[in-house]
Amino acid sequence: MGSTIISQRLHVGLQQLTALAAVTHSFLGPNKNHKFIQDESTGESSLVCTCFRVLEHLDLTCSVGQLANETIQAHQKVFHSGAGCLLFMAGVWSRAALECLHRDISIPHIVSAMSEGLDICCKVCRSNSVSIEDVRPIASDSGTSVLQGSPHTVLRNPVTGMNPSHGALNNKKQSRIKLTHSRHFCANDEADKNTTPGLFSHAVSSKGVDIAHLAEAVSHGCVDAMSLVVEVSKMQSKNNGSGDSCRTFDVNKLVTCTLPGLSEDHSCVLPGCVILLSAEQASLVHHMKEQKWQVVLINGDLSEKYRHLGFNSKNDISQVTDKLDLKGLSKEDDWEDNVLTTLLKNNVNLVLVNGEASERLTQHCMSHRILVVERMKPDILKDFAETTGAVPVTYATQLSKHCVGTGVEISIWRDCSGNRRRASMAVNIVADRTALVTVVLTTSVHSKLQTLEDCFWGCAYRLHHTLKDRKLLPGAGKTELLCVQILQKHIKDNGEQTRGKDGTSAPQAKQGRAGNPHRADVFQLMADGWMDYISTLMLNSGTCSKVDAWTTINQQLVDLNGGLSLDANFSRLLLRDDTEDGMMSPDMKRSAGKVYDNMTVKLEAWRKALDLVFLVLQTDTEIITGIDPKQVEGQSNVMVL
């Protein structure tokens, strides 16, 4: 990111947040530039192209960096997208807050005006959201099905008129942002309801809308990954009796399996789950092919020493028995014999373990043709419990005939043995009437596996949020451009209020909301942040320079203020390719004018970004107050990052 000079006395936190956000600017937009992060101590390197992966691998020693990382990771854990937008806006609004401080604007005025500005823009976004029923396909020049918004959903100019009833979340009251020293930020009640993990616990139905068309609208240039998501929807719809159409998508019945060594063309979608087994284990599968397996599920480790979370052992109590151990068996040997006897008694062929399994017990089971598979994901165990009738248990000693499930089939899918790799086989485990689907991601470049998996899950959750919200925001910078325009309109109205109708100065109580004389300045700095976001999108697309991007944006604002509607022309400017090297792919060109963003994800990212800025601003203020700029002139206490 080059060198960034940070003053060590004036609001270091805001400067650090701005510098940290600048690292991830190249990840914005469909043309993401990958970065290699190298560990100087070990020499190992990682390939990343998302901001949350960058923060994971960086050694963040400053408190602001750790706070930003916690914010990004918390957002990513819930939404699985929008982290780049969050960090970018936190950076530009930190710079805006610093500029406000340099202009001697008080912190209460900064917080009040920025909160008001965000509330205004969120209201405009909700008013201009597009219903998923109005997103429909059109035919491209090549005959391929593409998307564009319905003519009835052209974005309304907020200067000439808006329709507030068109918003999906037409909340009239927005609660004030609360500043606390918690690492978990306080948001309004409606946002909390929309971000709880429980919202994602059930399948979402398109209710008459073709999911394949919506998927293309929110693919964001990840065509291959979104194609796999569409295949998942087709398979889940078929399992639900909807035929070959895309009518259902359940992100909770979806898992991934990464296989290095194969080309990316081998990526596919399979029912059930896919796991890697050793050659010895695969031979057992081959021996029992086309047979139904009896299965038991273990939540935890399959070992004698395993105890569930929260178990407290009594160190001051010793076990005393009056029976003499004549067999000479250890406690672990006795436990293994009991478990194996129980499995054989109930005709169990397959043991799926959430944690790790005892190596000795695994080998003993293999000799009796019982397959033990460890490190199974909780979602997989849950699906097998629902489809086979198996009852998950914590300890193997709890097993009985009532815990055994039936109707499992295992087949060998592919031999994954490669050069300098031990023999391994990929097998497909499927239960009758299963809704579980596995996406197998393959690549010949091992360092790309994590990137491919992140890209896929980002596409999957963008489609999930689309179906859940049933509303979309125009993408490719159009929503941000509307925010800039509405803020400039309020700046103009604020200036007229300040001058008064007769040209004289109006009373201070009428200058802005709650008598804030700096409202216009803060609004303009916030608008500059969104302008920077749009220009960075255009710069990363390889279509123009930053200066040309700002010129294009300003011309679009002039057209909007003149009463023209914002159509696909701006998106085509964003995605045009007049460069010599032709950076834009055909898929990106084909998607011009029909890019959409998730409404809840974007608005929540903005809200968290501003919360982060406010928290850092408040913390800096409590550490340094009353510094006179004249006192630091000529001092050399600067730090280069």
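None of these values were measured; they are calculated from a predicted model. (Residues numbered from 1 in each chain as written. Predicted model: local features only at pLDDT ≥ 70, side-chain atom pairs only at ≥ 80, totals over all residues. Heavy atoms only, no water.)

### Some words on the overall build of the chain
Using the following cut-off: In DSSP terms, a helix is any run of H or I states spanning at least four residues, a strand is any run of E spanning at least two, and both are numbered starting from the N terminus. Residue exposure ignores everything except the shown protein chains as possible cover, and the areas themselves are Shrake-Rupley values with a 1.4 Å probe.
Looking only at helices and strands, the chain has 19 helices and 20 strands in total. Accessible surface for the chain amounts to roughly 31,000 Å². Of this, 50% is attributable to carbon and sulfur atoms.

### Brief notes about the state of the cysteines
Defined as follows: Cysteine sulfurs are considered disulfide-paired once they come within 2.5 Å of each other. Each residue gets one of three labels from its accessible area relative to the maximum for its type: buried under 20%, exposed over 50%, partly exposed in between, using a 1.4 Å probe on protein chains only.
Tallied over the entire structure, the rule returns 0 disulfides. Cys483 forms no disulfide, and the closest cysteine sulfur to it belongs to Cys125, at a distance of 3.9 Å. For Cys483, a relative accessible area of 0% corresponds to the buried category.

### Re the nonpolar core
We count it as follows: What is meant by a nonpolar core is a set of buried Ala, Val, Leu, Ile, Met, Phe, Trp, Tyr and Cys residues, joined one to another through side-chain atoms within 4.5 Å. The contact definition used throughout considers only heavy atoms, calling two residues in contact when any of these lie within 4.5 Å.
Membership of the largest hydrophobic core comes to 79 residues, with the highest contact counts inside it found for Met89, Trp93, Trp530 and Trp606. Of the residues forming this core, the biggest block, 14 residues, is contributed by helix α4 (residues 83-102). Among all residues touching Trp606, those that are not within four sequence positions of it are Cys85, Met89, Trp93, Leu118, Cys125, Thr479, Glu480, Cys483 and Trp530. By size, the runner-up hydrophobic cluster in this structure holds 32 residues, among which are Ala217, Val232, Leu254 and Tyr596.

### Details of the sheet that holds strand β14 (residues 371-373)
The pairing of strands in a sheet happens through backbone hydrogen bonds and is either parallel or antiparallel. Cut-off, in case you're wondering: Two strands are counted as paired when DSSP detects at least two bridges linking them. Every axis in this analysis is a line fitted to C-alpha atoms, fitted for helices over the stretch in contact. Angles between the N-to-C directions lie between 0 and 180 degrees.
One open sheet holds the 6 strands; their spatial order is β11-β16-β15-β12-β13-β14, and the pairing between them is mixed. Strands at the two margins of the open sheet, each flanked by one partner only, are β11 (273-278) and β14. Strand-to-strand twist in this sheet, taken as the mean axis angle between neighbours without regard to direction, amounts to 40°. As paired strands, strand β13 (residues 350-353) and β14 are joined by 3 bridges and run parallel to one another.

### Section: the packing of helix α8 (residues 223-239) against helix α13 (residues 449-469)
Which entries qualify depends on this criterion: Any angle between 65 and 115 degrees counts as roughly perpendicular, while under 35 counts as roughly parallel, over 145 as roughly antiparallel, and the rest as oblique. Left-handed describes a crossing whose near helix is turned anticlockwise from the far helix through less than a right angle; right-handed describes the clockwise counterpart. Polar here means any residue other than Ala, Val, Leu, Ile, Met, Phe, Trp, Tyr, Cys and Pro, which are nonpolar, and Asp, Glu, Lys and Arg, which are charged; Gly is therefore polar.
Orientation of α8 relative to α13, taken along the N-to-C sense of each, is 55°, at an axis distance of 9 Å. The pairing of α8 with α13 is recorded here as oblique in orientation. In this structure, α8 meets α13 at a crossing whose hand is right-handed. Along its contact with α8, which presents Ala225, Met226, Leu228 and Val229, the element α13 presents Cys455, Phe456, Cys459, Ala460 and Leu463. Of the residues contributing to the contact of α8 with α13, the split by class is 9 nonpolar, no polar and no charged.

### Observations concerning the packing of aromatic side chains
Working definition: an aromatic ring pair is given by the centre-to-centre distance plus the angle between the planes. Rules: Side-chain rings of Phe, Tyr and Trp (the six-membered ring for Trp) are treated as a pair once their centres are within 6.5 Å; stacked means planes under 30 degrees apart, edge-to-face means over 60, and tilted covers the remaining angles.
Evaluation of the coordinates by the stated rule reveals 5 aromatic pairs. Taken together, a centroid distance of 5.2 Å and an interplanar angle of 90° make the contact between Trp93 and Trp530 edge-to-face. Taken together, the residues span a long stretch of sequence, with Trp93 in helix α4 and Trp530 in helix α15 (residues 519-540) at a distance of 437 residues. Of the two residues, Trp93 and Trp530, both sit in the buried class. Relative to Trp606, the ring of Trp530 lies with its centre 5.0 Å away and its plane at 65°, an arrangement referred to as edge-to-face. Here Trp530 is found in helix α15, whereas its partner Trp606 is found in helix α19 (residues 599-623), with 76 residues between them in sequence.

### Structural notes on unusual backbone geometry
Phi is mostly negative for residues that are not glycine, and the peptide bonds are mostly trans. Backbone geometry at Asn347 places phi at a positive 55°, although glycine is not the residue there. By the secondary structure assignment, Asn347 is in the loop between α10 (331-345) and β13. In this model, Ala476 sits at a positive phi of 60°, which is unusual for a non-glycine residue. Locating Ala476 in the fold gives a position in the loop between β18 (471-474) and α14 (478-499).

### A short note on a negative patch on the surface
To keep it simple, the criterion reads: Without a salt bridge and with relative accessible area above 30%, a residue can belong to a patch; like charges are then joined within 9 Å and nonpolar side chains (Val, Leu, Ile, Met, Phe, Trp, Tyr) within 5 Å. When a carboxyl oxygen of Asp or Glu lies within 4 Å of a side-chain nitrogen of Lys or Arg, that pair is called a salt bridge. Here Asp and Glu are counted as negative and Lys and Arg as positive; His is not counted, and neither are the chain ends. One atom stands in for each charge, and that atom is NZ of Lys, CZ of Arg, CG of Asp or CD of Glu.
Taken together, the side chains of Asp39, Glu40, Glu44 and Asp59 make up a negatively charged region of the molecular surface. Following the sequence through the fold, Glu44 ends up in the loop between β2 (35-38) and β3 (45-48). The exposed category is assigned to Glu44, whose relative accessible area is 59%.

### Observations regarding the pattern of salt bridges
Applying the stated criterion across every chain, the model contains 19 salt bridges. Its salt-bridge partner being Arg95, residue Asp532 comes within 2.8 Å of it at the nearest N-O pair. Here Asp532, found in helix α15, pairs with Arg95, found in helix α4; they are 437 residues apart in sequence, far enough to count as distant. On the basis of relative accessible area, Arg95 is assigned to the partly exposed category, the value being 39%. Between Lys234 and Glu231 there is a salt bridge, with the nearest N and O atoms lying 3.8 Å from each other. Placement of both Lys234 and Glu231 in helix α8 is noted, with a separation of 3 residues, approximately one turn of the helix. Judged by its relative accessible area of 33%, Lys234 is partly exposed. Given the relative accessible area of 37%, Glu231 is considered partly exposed.

### Remarks on helix α11 (residues 359-367)
To keep things clear, this is the line we draw: This arc is taken over the directions from the axis of the helix to the C-beta atoms.
When α11 is considered as a whole, its buried residues turn out to be Leu361, Thr362, Cys365 and Met366. The buried residues of α11 occupy one face: seen down the axis, they fall within an arc of 140°. For α11, the exposed residues set more than 90 degrees away from the buried face come down to Glu359 and Ser367. Elements in contact with the buried residues of α11: α9 (279-287), α10 and β14.

### Points about the environment of Thr71
Here Thr71 is to be found in helix α3 (residues 63-79). A relative accessible area of 4% places Thr71 in the buried class. The spacing of Thr71 and Ala605 is 534 residues in sequence and 9.9 Å in space, taken between C-alpha atoms.

### With respect to the confidence of the model for the chain
The following threshold applies: Known as pLDDT, the predictor's confidence for each residue is given on a scale from 0 to 100.
Averaged over the chain, the pLDDT score is 75; the fraction of residues at 70 or greater is 70%. Within the model, the stretch residues 1-8 combines pLDDT values under 50 with 26 contacts to residues more than four positions away or in other chains. Within the model, the stretch residues 631-641 combines pLDDT values under 50 with 23 contacts to residues more than four positions away or in other chains.

### Digging into the sheet that holds strand β17 (residues 437-443)
Ordered by their spatial adjacency, 3 strands build an open sheet running β9-β17-β10, and the pairing between neighbours is mixed. Two strands bound the open sheet, and with one partner strand each, they are β9 (254-260) and β10 (268-271). Between one strand axis and the next, the sheet turns by 25° as a mean value, whatever way the strands run. α8 contacts β9, β10 and β17 of the sheet and is inclined by roughly 20° relative to β10.

### Details of the side chain of Gln76
Within the fold, Gln76 resides in helix α3. Judged by relative accessible area, which is 11%, Gln76 ranks as buried. Excluding anything up to four places from it in sequence, Gln76 contacts Phe52, Ser81 and Ala83.

### Regarding the environment of Trp413
Examined against the element boundaries, Trp413 turns out to sit in strand β15 (residues 405-415). Residue class for Trp413 comes out partly exposed when judged on its relative accessible area of 23%. The spacing of Trp413 and Ile429 is 16 residues in sequence and 9.7 Å in space, taken between C-alpha atoms. Ignoring sequence-local partners within four residues, the contact set of Trp413 consists of Leu259, Cys268, Leu270, Ala426, Val427 and Val440.

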